Amino acid sequence: MTPNAGRGSRWAGPRSYSAAMDRFKGVLFDFGHTLFDSVRADGHCAGFREASGIIVEEGEFEDRWEHIRQRSRQPQELARGRDLSASAHRRCWLDLLAPLNDLAPGLAEFSYLFDCSAAGWRPYPDMASVVGELRTRGLSIGVVSDCGWDIRDVFVSHNVDG
């Protein structure tokens, strides 16, 4: 199948694609789950163990974490306005994360702070090469986010802030 099929034009291959890219002046990315992915359950559990000395079973954490993530995407949760201010973000997410405290006292607060830090995020494997190629082509790059915290430290921590 060719791009623009049914519109009378045909894709001429990589050369055509490269020429088309020259028409763009910039690229806008979303931060979370586009450029960076959040650290998995084992990272949260290891960080909590290091900070508190308390061992949390990864399987139990992961089950609750997945339930929390699914709940966070529901319309009634999104309607709470968590992405309108830093304080609303913190309040709403700590409410969502509260069931983690059943696994260990303070785990909800730790997980929130961990997820709002550079340690809680890792770049996707191809992110640096994609961004590097866009820079080589002279394109401006912008990043948007609805996080309730400053994402710039994540870029600095992973040496992709230039």
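Right above here is the structure, for reference.
Keep in mind that what you see is a predicted model, and the values were worked out from it rather than measured.

Section: the layout of surface pockets
Inference 1: Approximately 510 Å³ is the volume attributed to the largest pocket.
Inference 2: Forming the walls of the largest pocket are 23 residues, and the residues nearest its centre are His33, Arg82, Trp93, Trp121 and Asp146.
Inference 3: Looking at the lining of the largest pocket, the elements that each hand over two or more residues are α3 (58–72), α5 (86–97) and α6 (107–115).
Inference 4: Taken together, the residues of the lining of the largest pocket sort by class into 10 nonpolar, 6 polar and 7 charged.
Inference 5: Estimated volume of the second largest pocket: approximately 160 Å³.
Inference 6: Secondary structure elements with two or more residues in the lining of the second largest pocket: β2 (36–38) and α3.

Here we look at the environment of Arg122
Inference 1: Following the sequence through the fold, Arg122 ends up in strand β3 (residues 121–123).
Inference 2: For Arg122, a relative accessible area of 34% gives the class partly exposed.
Inference 3: Here the alpha-carbon distance between Arg122 and His33, two residues 89 residues apart in the chain, equals 9.8 Å.
Inference 4: Apart from the residues lying within four places of it in its own chain, the contact partners of Arg122 are Leu35, Phe36, Asp37, Ser38, Val39, Arg40 and His158.

A closer look at the packing of aromatic side chains
Inference 1: Counted by the stated rule, this structure contains 9 aromatic pairs.
Inference 2: Ring centres of Phe31 and Trp149 lie 5.9 Å apart, and the angle between their planes is 90°; on these two criteria the pair is classed as edge-to-face. Placement of Phe31 in the loop between β1 (26–30) and β2 and of Trp149 in the loop between β4 (140–144) and α8 (152–157) is noted, with a sequence separation of 118 residues between them.
Inference 3: Plain terms: the ring middles of Phe31 and Phe155 are 6.0 Å apart, the flat faces sit at 50° to each other, and that makes the pair tilted. Taken as a pair, Phe31 in the loop between β1 and β2 and Phe155 in helix α8 lie far apart in primary sequence, 124 residues in all.
Inference 4: Take Phe31: its relative accessible area is 0%, and that puts it in the buried class.
Inference 5: Relative accessible area serves as the criterion here: at 12%, Phe155 is assigned to the buried category.

Let's talk about helix α7 (residues 127–136)
Inference 1: Buried residues of α7: Met127, Val131 and Leu134, and no others. When α7 is viewed along its axis, its buried side chains cluster within an angular range of 60° and face the same direction. In this structure, α7 carries Ser129 and Thr136 as exposed residues pointing more than 90 degrees from its buried face.
Inference 2: Backbone geometry just after α7 places Gly138 at a positive phi near 80°.

What counts, and where the lines are drawn
Residues numbered from 1 in each chain as written. Predicted model: local features only at pLDDT ≥ 70, side-chain atom pairs only at ≥ 80, totals over all residues. Heavy atoms only, no water. 1 Å grid on protein atoms, 1.4 Å probe; cavity = no way out; pocket = protein on both sides within 12 Å on 5 of 7 lines; lining within 4 Å. Points joined across faces, edges and corners; volume = space filled by probe spheres on them. Helix = DSSP H or I, 4+ residues; strand = E, 2+ residues; numbered from the N terminus. Nonpolar A, V, L, I, M, F, W, Y, C, P; charged D, E, K, R; others polar. Buried < 20%, exposed > 50% of the residue type's maximum accessible area, 1.4 Å probe, protein only. Contact = heavy atoms within 4.5 Å. Phe/Tyr/Trp six-rings, centres within 6.5 Å; stacked < 30°, edge-to-face > 60°. Arc of directions from axis to C-beta.

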